[in-house]
Amino acid sequence: MIYFDNASSTRPIKESLDVFYEASLNSYFNPNSIHAPSMKLFNEINRIKDNFLRKLKLDSTYEVIFTSGASESNNLAVIGYALKNQNRGKKLISTKIEHESILEVFKYLETLGFQVTYLDINEKGEIDIEYFKKVIDKDTILCSIMPVNNEVGNILNIKEIKEIIKNYPKCVLHCDAAQTLGKEKFDFSLADMFTISAHKIYGIKGIGALIKKKKIMLKPIIYGGGQEGGLRSGTLDYPAILSFNTSLNYVIDNFNEIHKKIKVLQGFLLEELSKIDEVKINNYQNSTPYIVNFSLKTKKASVVVEALSNKEIYCSSVSACNSKKESPSHVLLAIGKSEKDAYNSIRLSLGKDNSLEECEEFIKVFKEIISSVRG
């Protein structure tokens, strides 16, 4: 098996599974109960939150809110902030290449009377700063912009964006960093709020976090027992949190080694794919090495992806959240690609377990499939 769909989900490291299993078996108490074993877990969760902040080089002005994953964190950040602060202004800004858990939230807020500006991406794969300066104003309360895109891997110019936002005190910056953590060096203190997810960093599914400045007020989207400062009610999942912490430590402590390896793999794939007439590369020069995106000129991507799957080589034709909808990639359309290219794009997303031998085998099998399938 060759797995090239790591942007969708990664294989958990054994250490994360081991601590999850052990804690599930022996530390099954509710952290919000008042007896001694529960209080111990509650205190341990707070220590884990402190470790998150240390590892991400953040100070005590930030706080960690554990959620079920990136989609919930994005919803809490955007909806929670917009509804809580709508008296300060109703203008919001995002980009056309965000994940669906951001774009769909903004569409919902538009039905509530918010005005949303969706930014284009320029030929460098970045946000046009001059245009951004024109659209942001004193009534803008929130910008949500991802640092690294999940489909084509372009790295957005968040630092420049933040410098402009500083001139508008009502406005905060949220970043969907699910594809950033563990993949690219990023100054998380640029974001007033940001989203991360365990299963994108060799952890388990079902646990994520929204990390935000403490002074930022949100309206909850889940109501109940008032856990996580009233922002995310529900019993805290200590085993999952402990497992998440293990994966976070792993990707940060091993960042340089893994990044160097992935860069070699991406370089090989891009070089070999560029030699194939059927292929049009969609990557920007300024992109993370973890993602290779290309379109087919005459073949149907879904057919090729299925043929690869039959050979136990697994990749995706669009983002996993859209892969069953038979719709073109909204990201490729937003960066100026044709509808044909957007329909027929293939994404290879790399992870720590991939090897050069796997890349060589992929190129070999891919060429065979391209020469055999109909246009």
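Residues numbered from 1 in each chain as written. Predicted model: local features only at pLDDT ≥ 70, side-chain atom pairs only at ≥ 80, totals over all residues. Heavy atoms only, no water.

(A) Structural context of the sheet that holds strand β12 (residues 345-349). The strand order across the open sheet built from 3 strands is β9-β10-β12, with neighbouring strands paired in antiparallel fashion. The sheet is open, and its two edges are formed by β9 (279-281) and β12, each paired on a single side. Across this sheet, the average inter-strand angle for adjacent strands is 30°, counted without regard to direction. Bridge count for strand β10 (residues 291-296) against β12 is 5 bridges, and the pairing is antiparallel. Its bridge partner being in β12, Phe294 is matched across the sheet by Ile346. (Pairing = 2+ DSSP bridges. Helix = DSSP H or I, 4+ residues; strand = E, 2+ residues; numbered from the N terminus. Axes fitted to C-alpha atoms, helices over the stretch in contact; angles between N-to-C directions.)

(B) Local environment of the pairing of strand β7 (residues 193-197). For β7, the buried fraction is high: 5 of the 5 residues fall into the buried class. Every second residue of β7 is oriented toward a common face, with Met193, Thr195 and Ser197 on one face and Phe194 and Ile196 on the other, all of them buried. Here strand β6 (residues 172-176) pairs with β7 via 3 bridges, running parallel. Residue His174 lies in a different strand from β7, and its bridge partner there is Met193. (Buried < 20%, exposed > 50% of the residue type's maximum accessible area, 1.4 Å probe, protein only.)

(C) Molecular detail of the confidence of the model for the protein chain. For the protein chain, per-residue confidence averages 95 on the pLDDT scale, and 97% of positions sit at 70 or higher. Confidence drops under a pLDDT of 50 for residues 319-323, and excluding neighbours within four residues, the segment shows 12 contacts in the predicted structure. (pLDDT = per-residue confidence, 0-100. Contact = heavy atoms within 4.5 Å.)

(D) Local environment of the packing of aromatic side chains. All chains considered together, the criterion is met by 10 aromatic pairs. An angle of 70° between the planes, with centres 5.8 Å apart, marks the rings of Phe4 and Phe362 as edge-to-face. One end of the pair, Phe4, is in the loop between β1 (2-3) and α1 (14-26); the other, Phe362, is in helix α12 (residues 356-372), and 358 residues separate them in sequence. One exposure class covers both Phe4 and Phe362, and it is buried. Between Tyr202 and Tyr250, the ring centres sit 6.2 Å apart and the planes meet at 85°, which makes this aromatic pair edge-to-face. Here Tyr202, found in the loop between β7 and β8 (208-213), pairs with Tyr250, found in helix α7 (residues 238-253); they are 48 residues apart in sequence, far enough to count as distant. Among the aromatic residues, ring-to-ring pairing joins Phe4, Phe294, Phe362 and Phe366 into one connected group. (Phe/Tyr/Trp six-rings, centres within 6.5 Å; stacked < 30°, edge-to-face > 60°.)

(E) Quick peek at the sheet that holds strand β2 (residues 62-67). Ordered in space as β2-β8-β7-β6-β5-β3-β4, the 7 strands form an open sheet in which the pairing is mixed. Only two strands of the sheet have a single neighbouring strand rather than two, namely β2 and β4 (115-119). Across the sheet, the mean angle separating the axes of adjacent strands is 20° when strand polarity is ignored. One ladder, built from 6 bridges, connects β2 with β8; its direction is antiparallel. Bridge assignment links Phe66 to a residue of β8, and that residue is Ala209.

(F) Summary view of helix α6 (residues 158-165). Restricting attention to buried positions, one finds in α6 the residues Ile158, Ile161, Lys162, Ile164 and Ile165. Along the axis of α6, the buried positions cluster into a sector of 160°, meaning they face one direction only. In the core, the buried residues of α6 are packed alongside α5 (129-135), β5 (140-144) and β6. (Arc of directions from axis to C-beta.)

(G) Geometry of the pairing of β10. Among the 6 residues that make up β10, 6 are buried, leaving the element largely enclosed by the rest of the structure. Judged by which residues are buried, β10 turns out to be covered on both faces: Ile291, Asn293 and Ser295 on one side and Val292, Phe294 and Leu296 on the other are all buried.

(H) Summary view of the packing of helix α9 (residues 301-310) against α12. At a closest axis distance of 10 Å, the pairing of α9 and α12 adopts a crossing angle of 125°. Comparing their axes, α12 and α9 come out oblique. For the element pair α9 and α12, the recorded crossing hand is right-handed. Contacts from Val304, Ala307 and Leu308 in α9 reach Phe362, Val365, Phe366, Ile369 and Ile370 in α12. Each residue belonging to the contact of α9 with α12 can be placed in one class, and the counts come to 8 nonpolar, no polar and no charged. (Parallel < 35°, antiparallel > 145°, perpendicular 65-115°, else oblique. Left-handed = near helix turned anticlockwise from the far one by under 90°. Nonpolar A, V, L, I, M, F, W, Y, C, P; charged D, E, K, R; others polar.)

(I) Structural context of the environment of Lys185. Tracing the chain through its elements places Lys185 in the loop between β6 and β7. On the accessibility criterion, Lys185 (64% relative accessible area) is exposed. Between the C-alpha atoms of Lys185 and Phe255, which are 70 residues apart in sequence, the distance is 8.7 Å. Residues contacting Lys185, with those up to four places away along its chain left out, are Phe255 and Asn256.

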